[in-house]
Amino acid sequence: QVQLVESGGGLVQAGKSLTLACVASGGISSINVWKWYRQVPGKQRDLVASIINGGRQTYDDSVKGRFAISRDDAKRTVLLQMNSLKSEDTAVYYCNAELRTGVYSQWRNYWGQGTQVTVSV
């Protein structure tokens, strides 16, 4: 019964900023890796950024220097700060978490429902 709920999507003008959030719930023991993906209709879902338990971050070249991923383990939350937004950033954004519900449980991947980000000129 694990759930990932996203928020923060919407319409924003090019050059401005927007922050997405994703909170996990449902008897979670620990979260190893958080990831943000995005998908445009007719195209595959692409990895945008990731952050591991120790804090190390990775970014796709298309967003490097503009986006920042962070995590708050006490709140079971991951954030994606998006700056200097471009029209090509328009997509549905999905959060993904590798987590387990017990110390001796298997690590599994879960997805959020997706949130629309539209960058207008």
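Thresholds, definitions, all that
- Residues numbered from 1 in each chain as written.
- Predicted model: local features only at pLDDT ≥ 70, side-chain atom pairs only at ≥ 80, totals over all residues.
- Heavy atoms only, no water.
- Phe/Tyr/Trp six-rings, centres within 6.5 Å; stacked < 30°, edge-to-face > 60°.
- Lys NZ or Arg CZ within 6 Å of the ring centre and 35° of its normal.
- Core = buried A, V, L, I, M, F, W, Y, C linked by side-chain atoms within 4.5 Å.
- Buried < 20%, exposed > 50% of the residue type's maximum accessible area, 1.4 Å probe, protein only.
- Helix = DSSP H or I, 4+ residues; strand = E, 2+ residues; numbered from the N terminus.
- Contact = heavy atoms within 4.5 Å.

## Details of the packing of aromatic side chains
Part 1: Going through the model one piece at a time under the given rule, you end up with one aromatic pair.
Part 2: Geometry around Tyr94 places Arg45 over its ring, the cationic atom sitting 3.6 Å from the centre.
Part 3: Above the plane of the ring of Trp111 lies Arg45, whose end atom (NZ or CZ) is 4.8 Å from the centre.

## Let's talk about the nonpolar core
Part 1: Of all hydrophobic cores here, the largest spans 28 residues; its most connected members are Leu4, Trp34, Trp36, Leu80, Met82 and Tyr93.
Part 2: Residue assignment for this core shows that the elements contributing at least two residues are strand S3 (18-25), strand S4 (30-39), strand S5 (46-52), strand S7 (67-72), strand S8 (77-82), strand S9 (91-100) and strand S11 (115-120).
Part 3: Looking at this core element by element, the count peaks at five residues for S9.
Part 4: What Leu80 contacts, discounting residues up to four positions off in sequence, is Leu18, Thr19, Leu20, Trp36, Ala49, Phe67, Ala68, Ile69 and Tyr93.

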